[in-house]
Amino acid sequence: MRPLLLFILMLLTASATAAIYKWVDKDGKVHYSDSPVENAQAVEFKSNTENQIKLPPPVVRESAPKEPEHVGDIYKMRITSPSEEETIRENNGNITIIGSITPDLAKNHVLILLMDGQVTGAAQSTPVFNLENVDRGEHIFEIKALAQNGKQLASTPPRTIFLHRASINAVPRPTPRGN
């Protein structure tokens, strides 16, 4: 009984899926529908009216040049000024860190300056960093070269610098006593 019922259902669904009907209303507008209405004509589609999508073959593009395996060998870097354990006397706290890099920095690479392990300022393409209002005391600086994806390419050895800023301790003046 079940196979016969299944067979009848399949026949009914196969015949109902392909019918499209066309009719014209009293105002002369043409309408299409999947259910028949009065004065409707069945429309049969030709094979050339079916949507056929052809995708173009995939285009193989050359990948970006790979970074060398030994990224530490790309650049040779060092801090040239100030010297190791130099004491800088600057009351405003301004320090200029100057580095050298060979070969020249590639266009898609940047330099950052770290002071006491924290990035200071924005990334840049020149190895000269001007800092303002640095707190007095001992500071450790490092310059790092980075690729666009943030991968470290090279780094300078850490450089310790001492900054002295004069401070004026306000001593209260004695107030004059009135007579």
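Please refer to the structure higher up on the page.
Here we summarise the structure given alongside this text.

What counts, and at which threshold
- Residues numbered from 1 in each chain as written.
- Predicted model: local features only at pLDDT ≥ 70, side-chain atom pairs only at ≥ 80, totals over all residues.
- Heavy atoms only, no water.
- Helix = DSSP H or I, 4+ residues; strand = E, 2+ residues; numbered from the N terminus.
- Buried < 20%, exposed > 50% of the residue type's maximum accessible area, 1.4 Å probe, protein only.
- Contact = heavy atoms within 4.5 Å.
- Polar contact = N/O pair within 3.5 Å; in protein donor to acceptor, adjacent residues only side chain to side chain.
- Pairing = 2+ DSSP bridges.
- Axes fitted to C-alpha atoms, helices over the stretch in contact; angles between N-to-C directions.

We now examine the environment of His31. Relative to the helices and strands, His31 is located in strand β2 (residues 30-33). You can call His31 partly exposed: its relative accessible area is 27%. Residues His31 and Tyr21, spaced ten residues apart in sequence, show a C-alpha to C-alpha distance of 8.2 Å. In this structure His31 touches Tyr21, Lys22, Trp23 and Asp25, once residues within four positions along its chain are discounted. Within polar-contact distance, the side chain of His31 engages the side chain of Asp25 at 3.0 Å.

Strand order in this open sheet of three strands is β2-β1-β3, and the pairing throughout is antiparallel. Unpaired on one side and paired on the other, β2 and β3 (41-43) mark the two borders of the sheet. Within this sheet the neighbouring strands show an average axis-to-axis angle of 35°, counted without direction.

Pairing geometry for strand β7 (residues 109-115) and strand β10 (residues 137-147), over seven bridges, is antiparallel. Paired with Met115 across the two strands is Phe141, which belongs to β10. As judged from the five bridges shared by β10 and strand β12 (residues 159-164), these two strands associate in the antiparallel manner. Looking at β12, one finds that Gly137 is bridged to Leu163. Where β10 lies against strand β11 (residues 152-155), three bridges are found, and the strand directions are antiparallel. Bridge assignment links Lys144 to a residue of β11, and that residue is Ser155. In sequence, β10 turns back onto β11 through a hairpin of four residues, with Gly150 there showing a positive phi of about 90°.

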